[in-house]
Amino acid sequence: MIDDFDIQAVVEALKSDKITTGERVEQFEKKVASYCGAKYAVAVSSGTAALHCAYYAAGISKGDEVITTPITFFATVSAIVMCGGTPVLADVRSDTINIDSYEIARRIRRKTKAIVPVDFASHPVSLDMIMDVARENNLVVIEDACHALGAEYRGRKIGSISDMTVFSFHPVKAICTGEGGVILTDNEEYYEKMLKFRNHNIEYGTKPWQYGIWDVGYNYRLSDIHCALGISQMDKLDSFIARRREIAKTYNEAFADVEEIITPIELDYVKSAYHLYVIQLRSMDREKFMESLASQNIGAQIHYIPIHYHPYMRMNSGYKIGDLPNSERYYSRCVSLPIFPKMTDGDVEYVIDTVKKIIGVK
Ligand SMILES: Cc1ncc(COP(=O)(O)O)c(C=O)c1O
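Just so you know, these numbers come straight off a predicted model, no measurement behind them.

(A) A look at the overall build of the protein. Check the secondary structure of the protein and you find 13 helices and 15 strands. Summarising its shape, the C-alpha atoms of the protein cover approximately 75 × 55 × 35 Å along the three principal directions. Considering only intrachain contacts with a sequence separation of at least 6, the fraction spanning at least 24 residues in the protein is 68%. Carbon and sulfur atoms make up 51% of the accessible area of the protein, which totals about 16,600 Å².

See below:
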């Protein structure tokens, strides 16, 4: 949701001396880091770039295995492949649809280098258990929190717990910079590595013209124009989340007695920022349900086609349908209903009434 303050902030950035690598980048990084309670932040051009930076900093390279979830956007996995690593999928819990810590533990081998849990729909993963498993096995935890800026786990903000935490600022996310992402960490070594990696891996010498490159890096920088928007958006993050939580509560109450619908859960020790509101249908034909919503101008989505269903994985991994039953059952019946801060109470009521009509309940 972009307002006049955001527009003004971007106009000021455009009028300033530096529209990239300027002071707004650092200001934005500091703002996100301090909101989440992390020491360091590195702003980059997308959530995918942020994942790539974090995986690189963790040292993921050819032959390394990285354990992650099948229920995520493919970028979580493609950035592993970009580093030369091999994605290993661990099934999800059937309540939160987050990666199951026991399934992670079962898949750890000598080649395992890192765990990449995803806070699906903004519901934090079981960070205590995942961090314990990682520490016991000397693994790095890179949390893909692209859905979860502002979410909390046992009273702590997401971004302050894992070794590295990745956020995305794509327009559908909690706040937006147009495109953009950030990695948070308390580890100075990771931080220094990522600063260089986002800037071609340049190492500067003692003279102004001197620089050298020891490893391939990328141009993953985020401009001051984007960061100006991010700084302005951060001021509204809490109100955006409050509105998302209000909408989720209204949906939960409206669907509580509807037998056909399984509503999303929120465990009592977390606070979700409700990036998504995903219901599951017990028996109704999902295609027909979504077509009926579309015919009433309601945009529903499916999050996500499981990772191992994609042709790339079919051709390049040994996974087959049937291997990850919780993910597959969830996928066969999930539907994401609209949830965004700009929705009016009337919009929410319209979605509820339409869903109930399609299902055939009052
Ligand atoms: C879980 C997850 N990881 C990574 C990404 C990639 O982020 P971006 O689109 O900013 O590259 C997304 C984006 O939708 C996502 O949902």
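(B) Layout of helix H2 (residues 23-36). Between the first and last C-alpha of H2 there are 20 Å, a value that for 14 residues agrees with the 20 Å anticipated at 1.5 Å per step. Turning to H2, its buried residues number three or more, namely Arg 24, Val 25, Phe 28, Glu 29, Val 32, Ala 33, Tyr 35 and Cys 36. Along the axis of H2, the buried residues cluster in a sector spanning 165 degrees; they form a single face. For H2, the exposed residues lying more than 90 degrees away from the buried face are Glu 23, Lys 30 and Ser 34. Once H2 finishes, Gly 37 follows within two positions and takes phi at roughly 80 degrees, a positive value.

(C) Here's a closer look at the environment of Cys 176. Tracing the backbone through its elements, the reader meets Cys 176 in the loop between strand S8 (164-168) and strand S9 (181-185). Classification of Cys 176 by relative accessible area gives buried; the value is 8%. Note: C-alpha distance between Cys 176 and Ile 231 (55 residues apart in sequence) is 9.8 Å. Here Cys 176 is in contact with Ile 2, Phe 169, His 170, Pro 171, Leu 229, Gly 230 and Gln 233, once residues within four sequence places are set aside.

(D) Seen up close, the site of the ligand. Near the ligand, the surroundings consist of 16 residues, among which Gly 47, Thr 48, Asp 144, Ser 168 and Lys 173 are the closest. Coverage of the ligand by the protein amounts to 90% of the 390 Å² it exposes when considered alone. Of all the secondary structure elements, the ones that give two or more residues to the shell around the ligand are helix H3 (47-57) and helix H4 (75-82). Considered class by class, the residues forming the shell around the ligand number 6 nonpolar, 8 polar and 2 charged.

(E) Region of the structure containing the packing of H3 against H4. Where H3 contacts H4, the axes come no closer than 9 Å and their chain directions differ by 45 degrees. Judged on the interaxial angle alone, H4 and H3 are oblique. Like other packed secondary-structure pairs, H3 and H4 cross with a definite hand, here right-handed. Each of Thr 48, Leu 51, His 52 and Tyr 55 in H3 lies in contact with H4, whose residues at this interface are Ala 75, Thr 76, Ala 79, Ile 80 and Met 82. The residue makeup of the contact of H3 with H4, split by class, is 6 nonpolar, 3 polar and no charged.

(F) Quick look at the nonpolar core. Membership of the largest hydrophobic core comes to 54 residues, with the highest contact counts inside it found for Phe 28, Val 32, Ile 104, Leu 149, Phe 167 and Leu 184. Secondary-structure elements contributing two or more residues to this core are H2, strand S1 (40-44), strand S3 (86-89), helix H6 (127-136), S9, helix H8 (224-234) and helix H9 (237-255). Sort the elements by how many residues they give to this core and H2 lands first, with 6 residues. When residues no more than four places from it in sequence are discounted, the contact partners of Phe 28 are Ala 43, Phe 169, Ile 175, Thr 177, Leu 222, Cys 227, Gly 230, Ile 231 and Met 234. The next biggest cluster of nonpolar side chains, apart from the first, holds 39 residues, and it includes Ile 71, Met 290, Ile 302 and Tyr 309.

(G) Spotlight on empty space enclosed by the protein. Counted under the stated rule, the structure contains 1 cavity of 30 Å³ or more. Approximately 40 Å³ is the volume found for the largest cavity. Together, Arg 93, Thr 96, Asn 98, His 123, Pro 124, Val 125, Ser 126, Tyr 153, Leu 267, Tyr 269 and Val 270 line the largest cavity. Class assignment for the residues of the lining of the largest cavity results in 6 nonpolar, 4 polar and 1 charged.

(H) Geometry of the sheet that holds strand S13 (residues 270-271). Within the open sheet, the 3 strands sit side by side as S7-S6-S13. Their pairing is antiparallel. Edge positions in the open sheet fall to strand S7 (156-157) and S13, since each of these has one partner strand only. Pairing between strand S6 (residues 152-153) and S13: 2 bridges, direction antiparallel. Along S13, the bridge assignment pairs Glu 152 with Lys 271.

Rules used in this analysis
- Residues numbered from 1 in each chain as written.
- Predicted model: local features only at pLDDT ≥ 70, side-chain atom pairs only at ≥ 80, totals over all residues.
- Heavy atoms only, no water.
- Helix = DSSP H or I, 4+ residues; strand = E, 2+ residues; numbered from the N terminus.
- Contact = heavy atoms within 4.5 Å.
- Areas by Shrake-Rupley, 256 points an atom, 1.4 Å probe, with all protein chains shown as cover.
- Expected span 1.5 Å × (residues − 1).
- Buried < 20%, exposed > 50% of the residue type's maximum accessible area, 1.4 Å probe, protein only.
- Arc of directions from axis to C-beta.
- Near = heavy atom within 4 Å.
- Nonpolar A, V, L, I, M, F, W, Y, C, P; charged D, E, K, R; others polar.
- Axes fitted to C-alpha atoms, helices over the stretch in contact; angles between N-to-C directions.
- Parallel < 35°, antiparallel > 145°, perpendicular 65-115°, else oblique.
- Left-handed = near helix turned anticlockwise from the far one by under 90°.
- Core = buried A, V, L, I, M, F, W, Y, C linked by side-chain atoms within 4.5 Å.
- 1 Å grid on protein atoms, 1.4 Å probe; cavity = no way out; pocket = protein on both sides within 12 Å on 5 of 7 lines; lining within 4 Å.
- Points joined across faces, edges and corners; volume = space filled by probe spheres on them.
- Pairing = 2+ DSSP bridges.

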